[in-house]
Amino acid sequence: MWPNGSALGPCFRPTNITPEERRLIASPWFAASFCLVGLASNLLALSVLAGARQGGSHARSSFLTFLCGLVLTDFAGLLVTGAIVVAQHAVLFDWRAVDPGCRLCQFMGVVMVFFGLCPLWLGAAMASERYLGITRPFSRPAAASGRRAWATVGLVWASALALGLLPLLGVGRYTVQYPGSWCFLTLGAQPGDVAFGLLFSLLGGLSVGLSFLLNTISVAALCHVYHGQEAAQQRPRDCEVEMMAQLTGIMVVATICWMPLLVFIAQTVLRSPPAMSPTGQLSRATEQRLLIYLRVATWNQILDPWVYILFRRAVIRRLHPRLGARPRSLSLQPQLTQRPTVQ
């Protein structure tokens, strides 16, 4: 409970925004269009994935499983958070009157953290899978790749949900954020708020850093195979290059969309003197920056499916026809040559 004498739940901080200002900032048409474009993009990616999963190697099947988990996560995130935000923007309901017990706010806070971290962690899991597949192709049983990929996706979902539930257990708090249409972690100076804010930022940032490191090594390995002495006998297959192009695109999108918000959260909770007053007030500049960075981060859910759609071999060959003329390649794995038998 904030020390402001309010009998409402702990998710309400003092705000000085008028309904007219909220109406100018929160456009229901923009929010609805944003969500519809994102949902349509992810549905299109799912339909393309359904066709791509027919046949193919075990490595590609495992990679497509991770992609399917990523697209499903982005789709569900836009659907759940978009429904709340669009409804709030359309009717401009007073959160204090609709949710005095903060249950809806806590639900949205959990959802925001869950769907924020899942794409970053899934990107790191995909980078790890491709790193092992390229640099150590014999270290894993191929038959179990699909089951292992779905188990990893489930583990990521469970871990992100567990982290999102921490404020409900007393570590951190979810509060209504400017302009009063969404809930997120609190950028306060209390130990729980600082710990949860740093945990969210560090785990997200470390996953982006791990993806960058492993993807760099994997791309370097592919380049070495292309230009090495055994390039003519041991070229990467087209699908391996395609997977790395898609994964690199996903990493770049996640970095551009999420790193500003993650860095901002860490800087704000560590600021001295604290950015938030004892009564729970943030400066208007801080609130506006948080809203801008959050909107930039949500673009990740729209751009992810288009990275997969546009970075497919069929599209790349149309843009670069010379790639289609390259002789069909074999595999990264050493091939066993057969000696001719004497008849």
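Remember, predicted model here, so these are calculated numbers, not experimental data.

What follows is about the overall build of the protein chain. When helices and strands are tallied, the protein chain shows ten helices and two strands. Going from N to C terminus, the protein chain has its helices and strands arranged as α-α-α-α-α-α-β-β-α-α-α-α. The buried share of the protein chain, taken over its 343 residues, is 46%. Taking contacts inside the protein chain between residues at least 6 apart in sequence as the whole, the part at least 24 apart equals 81%.

Below, the discussion takes up unusual backbone geometry. Glycine aside, residues mostly have negative phi, and peptide bonds are mostly found in the trans state. With omega at 5°, the peptide bond leading from Tyr178 into Pro179 counts as cis. The residue after Ser272, namely Pro273, is reached through a cis peptide bond having omega 0°. Within the secondary structure layout, Pro273 lies in the loop between helix H8 (238–269) and helix H9 (284–310).

This brings us to the layout of surface pockets. Volume-wise, the largest pocket comes out at about 540 Å³. The wall of the largest pocket is formed by 29 residues, among which Phe34, Val85, Leu294, Arg295 and Thr298 lie closest to the centre. Broken down by secondary-structure element, the contributors of at least two residues to the lining of the largest pocket are helix H2 (28–52), helix H3 (58–91), helix H5 (103–135), strand E2 (182–185) and H9. Sorting elements by how many residues they give to the lining of the largest pocket places H9 first, with eight residues. Class assignment of the residues belonging to the lining of the largest pocket gives a composition of 19 nonpolar, nine polar and one charged.

Two elements, strand E1 (residues 174–177) and E2, share four bridges in a ladder whose sense is antiparallel. Bridge pairing in E2 places Gln177 opposite Trp182. Where E1 folds back on E2, the antiparallel hairpin that results is connected by four residues, among which Gly180 adopts a positive phi of roughly 95°.

Bringing empty space enclosed by the protein into the picture now. Within the structure shown, the criterion is met by one cavity of 30 Å³ or more. Computed from the structure, the largest cavity encloses a volume of approximately 100 Å³. Considering the residues around the largest cavity, the lining is formed by 14 residues, among which Pro119, Gly123, Ile250, Met251 and Ala254 are closest to the centre. Elements that contribute at least two residues to the lining of the largest cavity include exactly H5, helix H7 (191–227), H8 and H9.

Within this structure, the stated rule accounts for two disulfides. Here Cys11 engages in a disulfide with Cys102; their sulfurs sit 2.1 Å apart. For the disulfide bridge between Cys11 and Cys102, the dihedral angle about the S-S bond is near -85°, and by the sign convention the bridge is left-handed. Of the two residues, Cys11 is situated in the segment before helix H1 (19–25) and Cys102 in the loop between helix H4 (95–98) and H5; the sequence distance between them amounts to 91 residues. For the pair Cys11 and Cys102, a shared accessibility class is recorded, and that class is buried.

This part takes up the UniProt feature "transmembrane region" (unreviewed entry) in the protein chain. UniProt feature "transmembrane region" (unreviewed entry): in the numbering of this structure it lies at residues 29–51, 63–87, 107–128, 149–174, 194–226 and 247–270. Across residues 107–128, the secondary structure splits into 100% helix and 0% strand, with the terminal C-alpha atoms separated by 31 Å. Helix makes up 62% of residues 149–174 and strand makes up 4%, while its end C-alpha atoms are separated by 32 Å.

Below, the discussion takes up the nonpolar core. Of all hydrophobic cores here, the largest spans 77 residues; its most connected members are Leu67, Trp95 and Phe200. With residues near it in sequence (within four places) discarded, Leu67 still touches Leu49, Met126, Gln246, Ile250 and Tyr308.

Turning our eyes to something else, we now look at the environment of Val219. By the element assignment, Val219 lies in helix H7. For Val219, a relative accessible area of 33% puts it in the partly exposed group. In this structure the C-alpha to C-alpha distance between Val219 and Tyr131, which are 88 residues apart in sequence, comes to 9.0 Å.

All told, the structure shown has four salt bridges when counted by the stated rule. Arg130 is paired through a salt bridge with Glu129; the nearest N and O atoms lie 3.1 Å apart. For Arg130, a relative accessible area of 1% translates into the label buried. Shared partners join several salt bridges into a network, and the residues in it are Arg13, Arg284 and Glu287.

Contact geometry of H5 with helix H6 (residues 145–164) gives a least axis separation of 8 Å together with a crossing angle of 145°. Remark: the crossing between H5 and H6 carries right-handed chirality. Across the interface between the two elements, Val110, Val113, Phe114, Leu117, Cys118, Trp121, Leu122 and Ala125 of H5 pack against Thr152, Val153, Val156, Trp157, Ser159, Ala160, Leu161, Leu163 and Gly164 of H6. When grouped by side-chain class, the residues that make up the contact of H5 with H6 number 14 nonpolar, three polar and no charged.

Relative to the helices and strands, Gly164 is located in helix H6. With relative accessibility at 0%, the residue Gly164 sits in the buried group. Sequence spacing of Gly164 and Phe200 is 36 residues, and the spatial spacing of their C-alpha atoms is 9.1 Å. Here Gly164 is in contact with Val110, Val113 and Tyr174, once residues within four sequence places are set aside.

Cut-off values and rules
- Residues numbered from 1 in each chain as written.
- Predicted model: local features only at pLDDT ≥ 70, side-chain atom pairs only at ≥ 80, totals over all residues.
- Heavy atoms only, no water.
- Helix = DSSP H or I, 4+ residues; strand = E, 2+ residues; numbered from the N terminus.
- Buried < 20%, exposed > 50% of the residue type's maximum accessible area, 1.4 Å probe, protein only.
- Contact = heavy atoms within 4.5 Å.
- 1 Å grid on protein atoms, 1.4 Å probe; cavity = no way out; pocket = protein on both sides within 12 Å on 5 of 7 lines; lining within 4 Å.
- Points joined across faces, edges and corners; volume = space filled by probe spheres on them.
- Nonpolar A, V, L, I, M, F, W, Y, C, P; charged D, E, K, R; others polar.
- Pairing = 2+ DSSP bridges.
- Disulfide = S-S within 2.5 Å.
- UniProt positions renumbered as here; feature names shortened; annotations may be inferred.
- Core = buried A, V, L, I, M, F, W, Y, C linked by side-chain atoms within 4.5 Å.
- Salt bridge = Lys/Arg side-chain N within 4 Å of Asp/Glu carboxyl O.
- Axes fitted to C-alpha atoms, helices over the stretch in contact; angles between N-to-C directions.
- Left-handed = near helix turned anticlockwise from the far one by under 90°.

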